[in-house]
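Coordinate analysis (summary)
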Amino acid sequence: MAKSFLSIEQLTQRYPDGQGGEFTVFENASFGIEKGEFVCILGHSGCGKSTIMNILAGLAEPTSGVVKMDGQHVSGPSLDRGVVFQNYSLLPWLTALKNVTFGVSARFPNWSKEKVIEHSTAFLAKVGLTGDAIHRKPSQLSGGMRQRVSIARAFANEPKLLLLDEPFGALDALTRGTIQDELIKVWSDTDQTVFMITHDIDEAILLADRILLMTNGPMAQVAESVEITIPRPRVRNDIVEHPNYYAIRNHLVHFLAQRSAELSGQAQTPDQQPTPVRIDLTDDAETEDPEPAKPVLRAVEG
Amino acid sequence: MKALSENRKAALLSILILVVGCLIWEASIPAQKAVGELTEYELLTGGGQPKAGVPPPSQVLGKAWEQLSNPFYDAGPNDKGIGIQIGYSIYRVLTGYALAAAIAIPLGFLIGMSSVAYKALNPFIQVLRPISPLAWMPLALFVIQDSEMSAIFVIFICSIWPMLINTAFGVAGVREDWVNVARTHELSALKTAFTVILPAAAPTIVTGMRISIGIAWLVIVAAEMLVGGTGIGYYVWNEWNNLDLTSVIFSILMIGVVGMLLDSMFGLLQRTVAYTE
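Residues numbered from 1 in each chain as written. Chains lettered and ligands numbered in written order. Predicted model: local features only at pLDDT ≥ 70, side-chain atom pairs only at ≥ 80, totals over all residues. Heavy atoms only, no water.

- With an unreviewed UniProt entry as reference, chain B is termed Nitrate ABC transporter, permease protein, source organism Roseobacter cerasinus.
- Listed under Sequence similarities (unreviewed entry) in UniProt, the entry text for chain B is "Belongs to the binding-protein-dependent transport system permease family." (UniProt positions renumbered as here; feature names shortened; annotations may be inferred.)

- If you check an unreviewed UniProt entry, chain A appears there as Nitrate/sulfonate/bicarbonate ABC transporter ATP-binding protein from Roseobacter cerasinus.

What follows is the structure in structure tokens.
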């Protein structure tokens, strides 16, 4: 099998449980992400999503297993992997623009001051921040604006891999929708590889090329990799009309509501990749059964 | 509009309190008896000499005018202008304070970043901190053999603790997220310290600096009373020896004014480094 752009191999994370034993968050998690792909990871709280994210970001070390990007071992944080944190993590003493230039000048130390500012302003504009607002401090911006700045900071750095840790978790539904649209726009302009944690199924379907499903912890595993067979560009209002939408959504809900618990704790063989799942009803749409009651599950490669 | 009128009300009230206070003070000072009314016995026992007493505010005001109109005259070791005396005190305070800051802030950074350093140094800090700075004076005089330097040392030792403790506290309290931002941007340790940790901890550090300058100004008066020679503390004590209470009161007021100015400078600094999350 050809190595993916980003490959996570037999990642295991254990913590001491405080009683002399060990607590395994996840074991032998292996999966790959291709260049330019947008991958979401879904799972219940405590399954270790954030731990995987921190390991990918280089902010935490796994108990065992390796992460390789472009064939290189990943260890420690790097400018090649940008992170958007759930709580924005903007530096409150800097203005929105300075928060972005802070990242850009770290990424491109040889750029002139004007070029850094120009580049940063352009990325802020991409997420809809222009004019006076970019000279305000984070405390003078709304939650949505702050997360826009954080996204602009991450994209402006043009990292090889962008990690988003529940970026919309703290936002209200309306703001979330707008910023999701902006995220898609920025992403499609840049062909950035994105790995995102989310709790929101609809958000995952809207954004992702592929959704990784995790079983419940402890001993969580990355069980399935669901391909989102809805063509881009996707528009929030239209994708619900797509025949595959509810089939995929039902599959995801079913997994999270039932199978994530059933599959939990099962020992996994090392090197086991998540089962690929492809749900596509568009071929069958013209056949005799116009409204299939059950989604068709087909494993590709495998 | 309302806030302005509130400020005005407060200002008017302040002036009223000042005027009333001064009037009561002025009225409560018994007038010196005129020579003509004295009995022969009183005259013989020196009753005609002006008696030392608390001067009325009008006299203090006259003294202030006289001193402030020529603050930098120098007529020998015991007769220098108020400006020169205050200048000496400020010089000592700032020298001792700068030395303390130069040590306390880097050391505070170290203690704040490393819990081992914190635990190792904490017992020393806890024992040394409550010592009255003047208790160091005999030791300082013996070791340093120079009264000027000893006064500076006393300022140094009293202003180091609030800065050290606040710096350590501020640095230790920097949010993990901000440090992670620095880490994901591959900032060097030095760059992280200056661009992330320092601005994040600055409000706490400046609060410590403000407390320190206040303490330093309190202590310099006492220290100069002990070491003598020059300075506002020496001036107060010297005027007490001269039984010139007008000058004593005037210099007390000057100590207050200079202390206020030093404090408000740090208040200004505090406002510039403040941020809201």
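Considering the overall build of chain B
- Scanning chain B from terminus to terminus reveals 11 helices and 0 strands.
- Order of helices (α) and strands (β) in chain B, N terminus to C terminus: α-α-α-α-α-α-α-α-α-α-α.
- The principal-axis extents of the C-alpha atoms in chain B amount to approximately 90 × 60 × 30 Å.
- Each of the 277 residues in chain B was classed as buried or not, and the buried ones make up 40%.
- For chain B, restricting intrachain contacts to residue pairs at least 6 apart in sequence, the fraction spanning at least 24 positions comes to 72%.
- Carbon together with sulfur atoms contributes 70% to the accessible area of chain B, which is approximately 15,900 Å² in total. (Helix = DSSP H or I, 4+ residues; strand = E, 2+ residues; numbered from the N terminus. Buried < 20%, exposed > 50% of the residue type's maximum accessible area, 1.4 Å probe, protein only. Contact = heavy atoms within 4.5 Å. Areas by Shrake-Rupley, 256 points an atom, 1.4 Å probe, with all protein chains shown as cover.)

A look at the UniProt feature "domain: ABC transporter" (unreviewed entry) in chain A
- The positions UniProt marks with the feature "domain: ABC transporter" (unreviewed entry) are residues 6-241 of chain A.
- Overall, residues 6-241 of chain A shows 33% helix and 26% strand. The separation of its end C-alpha atoms is 33 Å.

A closer look at the UniProt feature "transmembrane region" (unreviewed entry) in chain B
All names here are of chain B.
- As recorded in UniProt, the sites labelled "transmembrane region" (unreviewed entry) are residues 97-118, 151-174, 215-237 and 249-269.
- End-to-end, the C-alpha atoms of residues 151-174 are 36 Å apart, and along that stretch the chain is 92% helix and 0% strand.
- Strand forms 0% of residues 249-269 and helix 100%; the C-alpha atoms that close the span are 31 Å apart.

Comments concerning the pairing of strand E3 (residues 38-42) of chain A
All names here are of chain A.
- By the criterion of burial, E3 is predominantly enclosed, with 5 of the 5 residues buried.
- Taking every second residue as pointing to the same face, both faces of E3 are buried, with Phe38, Cys40 and Leu42 on one and Val39 and Ile41 on the other.
- Note that E3 and strand E8 (residues 193-198) share 5 bridges and pair parallel. Bridging across to E8, Ile41 finds its partner in Ile197.
- Note: E3 against strand E9 (residues 210-214), 4 bridges, orientation parallel. By the bridge assignment, Cys40 is partnered in E9 with Ile211. (Pairing = 2+ DSSP bridges.)

Section: the interface of chain A and chain B
- The interface is formed by 20 residues belonging to chain A together with 17 residues belonging to chain B.
- Counting each side, the surface lost to burial between chain A and chain B is near 1,700 Å², with a carbon and sulfur contribution of 66%.
- Our count for the chain A to chain B interface comes out at 0 salt bridges.
- At the boundary of chain A and chain B, one finds 6 residue pairs in polar contact (both at pLDDT 80 or more). (Buried area = accessible area lost by both parts, 1.4 Å probe. Salt bridge = Lys/Arg side-chain N within 4 Å of Asp/Glu carboxyl O. Polar contact = N/O pair within 3.5 Å; in protein donor to acceptor, adjacent residues only side chain to side chain.)

Quick notes on the packing of helix H4 (residues 82-113) of chain B against helix H11 (residues 245-273) of chain B
All names here are of chain B.
- One can describe the packing of H4 onto H11 by two numbers: an axis separation of 12 Å at closest approach and a directional angle of 40 degrees. As the angle between them shows, H4 and H11 are arranged oblique. Here H4 runs over H11; the crossing is right-handed. From H4, Ile82, Ile86, Ile90 and Tyr97 reach across to H11, where they touch Phe250, Ser251, Met254, Val258 and Phe266.
- Here the contact of H4 with H11 is built from residues that sort into 8 nonpolar, 1 polar and no charged. (Axes fitted to C-alpha atoms, helices over the stretch in contact; angles between N-to-C directions. Parallel < 35°, antiparallel > 145°, perpendicular 65-115°, else oblique. Left-handed = near helix turned anticlockwise from the far one by under 90°. Nonpolar A, V, L, I, M, F, W, Y, C, P; charged D, E, K, R; others polar.)

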